[in-house]
Amino acid sequence: MTPRTSLTRSGPARSGPTRPAGLTAAQGTAMYVGAVLGTGVIALPALAAEVAGPASLVAWLALIVISVPLAATFAALGARYPDAGGVSTYARLAFGKRAATVVGWCFFLAVPPGAAAAALFGGAYVASAFGGGRTTVAVTAVGLMVAVTAANTAGVRVSGRLQFVLAGLLAALLLVSVALALPHARAGNLEPFAPHGWAAVGPAAALLVWCIAGWEAITHLAGEFRRPERDLPRSAGAAVVVVGVLYLSVAFAVVAVLGAAAGGSEAPLADLMALGMGDGARWFAAAAALMLTAGAMNVYYAGAAKLGAALGRDGSLPRVLARGSVSGEVPRRGLGVVAGGALAALLTVVALDVGARPLVLLATGSLVTVYAIGVAAAIRLLPRGSRGRAAALVSLGAVLLLLVMSGPYLLWPLVVTGAALLYLRLSGGRAAPTAGGPGVGRAVTGRG
């Protein structure tokens, strides 16, 4: 018999006994690494160096520091309220259904353009190694989408094992490529340190916001952990260390090894590996890029599909999507919407030949909005004096800074907000009946 666990503002959901089929802390760490490391390390070190020169390393360091309280905040929320709704659940408990619907829509609709951009980044590396130009990029991107969709259709347990393998291989490849390239580093490449002035660090940091998006993604899978109250914080803490080391290592190598040429590199990781192992290493760079891309897309497809099911369950999306919101079920309908939206976004930018940048900006604006609402909910929900609430208070200033840096790209989440509220008004927001109870904030279901 499946126990029903309380999820209210008065206290946390009890996870009950250990779930042998759930995600482990190691798998959770791998999924965090895949979600946060993602595709930023493929292209953004070069783009940031183009804007700020070696001073872009300051922007990298600042964003990694910001990641510490953000990761702690969302891990504390996920451990206390393990539900497929993730940040949407926390917004519901703290501020009500309208806020939950808005944040749910912002995250759900950020994933398709973000996944399409990630697939294009991976495809660009394959094209740089094998040729074929735009055709190779597009075909590779579609192939990645098909593979990740198939992995998630098989269920979260398969996705967790896959993510563990991907993250391990990825970390090894990145560290090996950096280690082989560093002997080519030159101190002169760090001078002048701020060729465009210190004011350029801000725009560089704005570009790099994409790289720290992901600390909220695993909250949608919190209910899939064996012991979320223990394993989720451990996973987040380990992932912060791994991601920080990898980001700083690659960013430093790009600047110190490639020098002024870094800003013009379309495949900086491939250039690093070629210096260390010869031009044949570009094939390995393409493999690393594919693993990075697949890892990021795997986590976001899984999290967004679960979120779509939870939103359907709670009446924030059509009830036809509700199946799969219960822990252990595969949300195939939500997954279909995410995969279809990502494919549509991909085909649109390919047809218009505008590249991945518009997709990145759309996704980033939405995810910063999700962060803002999530941190505000944490301050209201987490117990006074707890480490999680202290982390949320520190995160508040960081998120406000990210909002300022997002600037005009907040227009997209504003449009999404209007659409979400209009949907609620027209539909009445009726929740779908589930085995675990009628909607988030009353009860969720855990496996015994």
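Above this text sits the structure in question.
Quick caveat: nothing in here was measured; it's all calculated off a predicted structure. (Residues numbered from 1 in each chain as written. Predicted model: local features only at pLDDT ≥ 70, side-chain atom pairs only at ≥ 80, totals over all residues. Heavy atoms only, no water.)

A.B. asks: Quick question: what am I supposed to make of the nonpolar core here?
C.D. replies: Most often, soluble globular proteins keep nonpolar side chains buried together rather than apart. Residues L37, L70, W215 and Y301 are the most contacted members of the largest nonpolar core, which totals 138 residues. Of all the elements, helix 5 (residues 97-130) adds the most residues to this core, at 19 residues. Ignoring sequence-local partners within four residues, the contact set of W215 consists of Y32, V36, S67, L70, A71, F74, A236, A239, V240 and Y371. (Core = buried A, V, L, I, M, F, W, Y, C linked by side-chain atoms within 4.5 Å. Buried < 20%, exposed > 50% of the residue type's maximum accessible area, 1.4 Å probe, protein only. Helix = DSSP H or I, 4+ residues; strand = E, 2+ residues; numbered from the N terminus. Contact = heavy atoms within 4.5 Å.)

A.B. asks: How should the packing of helix 4 (residues 87-95) against helix 13 (residues 357-381) be read in this particular structure?
C.D. replies: The geometry of a pair of packed helices is captured by two quantities: the angle between their axes and the separation between those axes. Across the interface, helix 4 lies against helix 13 with an axial gap of 9 Å and an inter-helix angle of 50°. Viewed along their axes, helix 4 and helix 13 adopt a mutual orientation that is oblique. Considering the relative orientation of helix 4 and helix 13, their crossing is left-handed. For the pair helix 4 and helix 13, the contacting residues are V87, Y90, A91, L93, A94 and F95 in the first and V370, I373, G374, A376, A377, R380 and L381 in the second. Split by residue class, the contact of helix 4 with helix 13 holds 11 nonpolar, 1 polar and 1 charged. (Axes fitted to C-alpha atoms, helices over the stretch in contact; angles between N-to-C directions. Parallel < 35°, antiparallel > 145°, perpendicular 65-115°, else oblique. Left-handed = near helix turned anticlockwise from the far one by under 90°. Nonpolar A, V, L, I, M, F, W, Y, C, P; charged D, E, K, R; others polar.)

A.B. asks: Mind showing me how you'd approach helix 10 (residues 268-277) here?
C.D. replies: Buried within helix 10 are the following residues: P268, L269, A270, L272, M273 and A274. Downstream of helix 10 by a residue or two, G278 has a phi angle that is positive, lying close to 95°.

A.B. asks: How should I be thinking about the packing of helix 6 (residues 133-153) against helix 12 (residues 332-352) in this particular structure?
C.D. replies: Viewed as axis vectors pointing N to C, helix 6 and helix 12 meet at an angle of 175°, and their least axial separation amounts to 10 Å. Comparing the axis directions of helix 6 and helix 12 gives the class roughly antiparallel. Contact residues: R134, A138, A141, V142, M145, T149, N152 and T153 in helix 6; R332, L335, A339, A342, L343, L346 and V350 in helix 12. A class-by-class count of the residues in the contact of helix 6 with helix 12 yields 10 nonpolar, 3 polar and 2 charged.

A.B. asks: What is the right way to read the layout of surface pockets from this model?
C.D. replies: The rolling of a water-molecule-sized probe over the atoms marks out the regions of remaining empty space. Roughly 950 Å³ of volume is contained in the largest pocket. Lining the largest pocket are 36 residues; nearest its centre among them are L47, F121, G355, A356 and R357. Listing elements by their share of the lining of the largest pocket, those giving two or more residues are helix 2 (40-52), helix 5, helix 6, helix 8 (201-212), helix 12, helix 13 and helix 14 (387-406). With 6 residues, the single largest contributor to the lining of the largest pocket is helix 5. Its residues assigned to classes, the lining of the largest pocket shows 25 nonpolar, 7 polar and 4 charged. (1 Å grid on protein atoms, 1.4 Å probe; cavity = no way out; pocket = protein on both sides within 12 Å on 5 of 7 lines; lining within 4 Å. Points joined across faces, edges and corners; volume = space filled by probe spheres on them.)

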